[in-house]
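# Summary of structural features
Next come the chains, spelled out residue by residue.
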Amino acid sequence: MKVLVTGGAGYIGSHTALELLHAGHEVVVIDNLCNSSLESLKRVELLTNKTITFYQVDIRDGDEISNVLAQHPDINATIHFAALKAVGESTQIPLKYYQNNVYGTLTLLEALQKAKITNFVFSSSATVYGEEAPVPYVETLKTGIPSSAYGKSKLMIEQILSDLVKSDPSFKVACLRYFNPIGAHESGMIGEDPNGIPNNLMPFVAQVAVGKRDKLSIFGNDYPTNDGTCERDYLHVVDLAHGHVKALEWLEKQSNGICEAFNLGTGNPLSVLEIVNEFSKVTNVNIPYEYAPQREGDLPAFWANADKAKVELNWTADKSLEDMMKDTWHWQSSNPQGYGK
Ligand SMILES: NC(=O)c1ccc[n+]([C@@H]2O[C@H](COP(=O)([O-])OP(=O)(O)OC[C@H]3O[C@@H](n4cnc5c(N)ncnc54)[C@H](O)[C@@H]3O)[C@@H](O)[C@H]2O)c1
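Okay, so let's go over this structure. (Residues numbered from 1 in each chain as written. Predicted model: local features only at pLDDT ≥ 70, side-chain atom pairs only at ≥ 80, totals over all residues. Heavy atoms only, no water.)

## Thoughts on the environment of Ile52
Looking at where Ile52 falls in the secondary structure, it is placed in the loop between helix 2 (39–48) and strand 3 (53–56). According to the relative accessible area criterion, Ile52 is buried, its value standing at 10%. For the pair Ile52 and Val29, spaced 23 residues apart in the sequence, the C-alpha separation amounts to 7.1 Å. Excluding residues within four positions of it along the chain, Ile52 makes contact with Ala17, Leu21, Val27, Val29, Leu41, Val44 and Glu45. (Helix = DSSP H or I, 4+ residues; strand = E, 2+ residues; numbered from the N terminus. Buried < 20%, exposed > 50% of the residue type's maximum accessible area, 1.4 Å probe, protein only. Contact = heavy atoms within 4.5 Å.)

See the structure below:
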């Protein structure tokens, strides 16, 4: 297959590009590089000894997307990662998030529809279940109201995709609802390289470990959880990348007019303290931390029921917590400044 990967230079996109190449597929990436570096894809090429066709294109530019598609009439499917993803920032500048994520996706879909490229995998998020959903989250639950503009943009796109499929049954769509991807490729050559202060736990821990930051702030130790810190379903980014390859294979086998959501997680909640302790144990690096007030909008605990992905996609998250810690540290210690962007 030849696969268009939007946002392919980013964290999850670069790991997925690598797994696609390993699985024998061809990869065409479009990315505006607003939160990534082309270095990630150069390293994927080194790791696989294969080439990636790259275009620096913004998904809000329909003409540019159509130009790329015209040069590759043999593209069979799209994996759509490109988005802004900082939850906190999205509450401060919601219009930018809706413009980039929602308008960008609409523009992309129009170009794909014109080019008749109708197999589509979307990077969704567990946040679409909203704040009231019972745990573990299962796909049969109704979606809720996400607290942030970021989360709402993901939910809106799921709804847009569902309407699109009803109106144009040539489309086949898988919405992959990720839980908390962490880790890096075992080579230590590609990994997560956030701009500025990391929003997520794992890159923060890794940057403290490498001496880039003094200490970790743990937001809240008075949640109704075993140790009082938030619990999440952390999965290895390479497992998540495999999930995309499985979703593409699944789409190939479906009849037209399908739009299905899948949770991608391990099904096991882990607390912030468990992660910090495991990281120290695996790497022998102590992580100084302090408790800070709870962050608005953070839920105490959520995790996936990942049975549907197991049964229908033949996918499970197999890598261990130790792998997640070891690989994070391998990446961060070999690349203290990330890609140096
Ligand atoms: N990382 C997570 O914890 C997580 C969890 C759930 C869902 N997701 C979703 O997964 C996807 C990938 O996330 P990631 O962690 O790899 O983020 P990332 O920021 O590393 O990757 C996103 C990529 O999209 C590109 N991009 C953004 N806006 C663009 C635009 N208008 N045109 C072209 N390219 C654009 C960025 O430059 C970047 O390379 C996103 O859609 C994100 O919302 C991520």
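## So, the environment of Leu18
Within the secondary structure layout, Leu18 lies in helix 1 (residues 11–22). Spatially, the C-alpha atom of Leu18 lies 26 Å from that of Gly196, the residues being 178 residues apart in sequence. The contacts of Leu18, once residues within four sequence positions are left out, are Val44, Leu47, Thr48, His185 and Ile190.

## Considerations on the pairing of strand 1 (residues 2–6)
Here strand 1 lies mainly inside the structure; five of its five residues are buried. Judged by which residues are buried, strand 1 turns out to be covered on both faces: Lys2, Leu4 and Thr6 on one side and Val3 and Val5 on the other are all buried. Direction of pairing for strand 1 relative to strand 2 (residues 26–31): parallel, over a ladder of five bridges. Pairing of Val3 across the sheet is with Val27, part of strand 2. Assessed by its sense of winding, the connection that carries the chain from strand 1 through helix 1 to strand 2 is right-handed. (Pairing = 2+ DSSP bridges. Right-handed = clockwise from strand over helix to strand, strands pointing away.)

## Topic: the packing of aromatic side chains
Aromatic ring pairs are described here by two measures, namely the spacing of the ring centres and the angle between the planes. Under the criterion given, the structure shown has eight aromatic pairs. Consider the rings of Tyr137 and Phe179, whose centres lie 6.1 Å apart with planes at 50 degrees: the pair is tilted. With Tyr137 in the loop between strand 5 (119–125) and helix 6 (149–167) and Phe179 in the loop between strand 6 (172–178) and strand 7 (180–182), this pair connects stretches of sequence that are 42 residues apart. Classification of Tyr137 by relative accessible area gives buried; the value is 2%. Since its relative accessible area comes to 6%, Phe179 is described here as buried. Taken together, Tyr129, Tyr137, Phe179 and Phe302 form an aromatic cluster joined through their ring pairs. Note that Arg177 overlies the ring of Tyr129, its terminal NZ or CZ placed 4.9 Å from the centroid. The aromatic ring of Phe262 is capped on one face by Lys308, whose charged end is 4.8 Å from the ring centroid. (Phe/Tyr/Trp six-rings, centres within 6.5 Å; stacked < 30°, edge-to-face > 60°. Lys NZ or Arg CZ within 6 Å of the ring centre and 35° of its normal.)

## Some details on the nonpolar core
Ranked by size, the top nonpolar core spans 41 residues in total, and within it Leu20, Val27, Ile52, Leu176 and Leu264 carry the most contacts. In terms of residue count, the dominant contributor to this core is helix 8 (residues 237–253) (eight residues). (Core = buried A, V, L, I, M, F, W, Y, C linked by side-chain atoms within 4.5 Å.)

## Points about the site of the ligand
Within the structure, the ligand sits among 28 residues, and Asp31, Asn35, Ser36, Phe81 and Tyr150 are positioned closest to it. Here an oxygen atom of the ligand and a backbone polar atom of Phe81 are 2.7 Å apart. The fraction of the free accessible surface of the ligand (820 Å²) that becomes covered by protein chains is 96%. Contributing elements (two or more residues each) for the shell around the ligand: helix 1, strand 5 and helix 6. If you tally residues by element for the shell around the ligand, the top one is strand 5, at three residues. Residues belonging to the shell around the ligand are distributed by class as follows: 14 nonpolar, nine polar and five charged. (Near = heavy atom within 4 Å. Polar contact = N/O pair within 3.5 Å; in protein donor to acceptor, adjacent residues only side chain to side chain. Areas by Shrake-Rupley, 256 points an atom, 1.4 Å probe, with all protein chains shown as cover. Nonpolar A, V, L, I, M, F, W, Y, C, P; charged D, E, K, R; others polar.)

The quantities given are spatial measurements derived from coordinates; they are silent on function.
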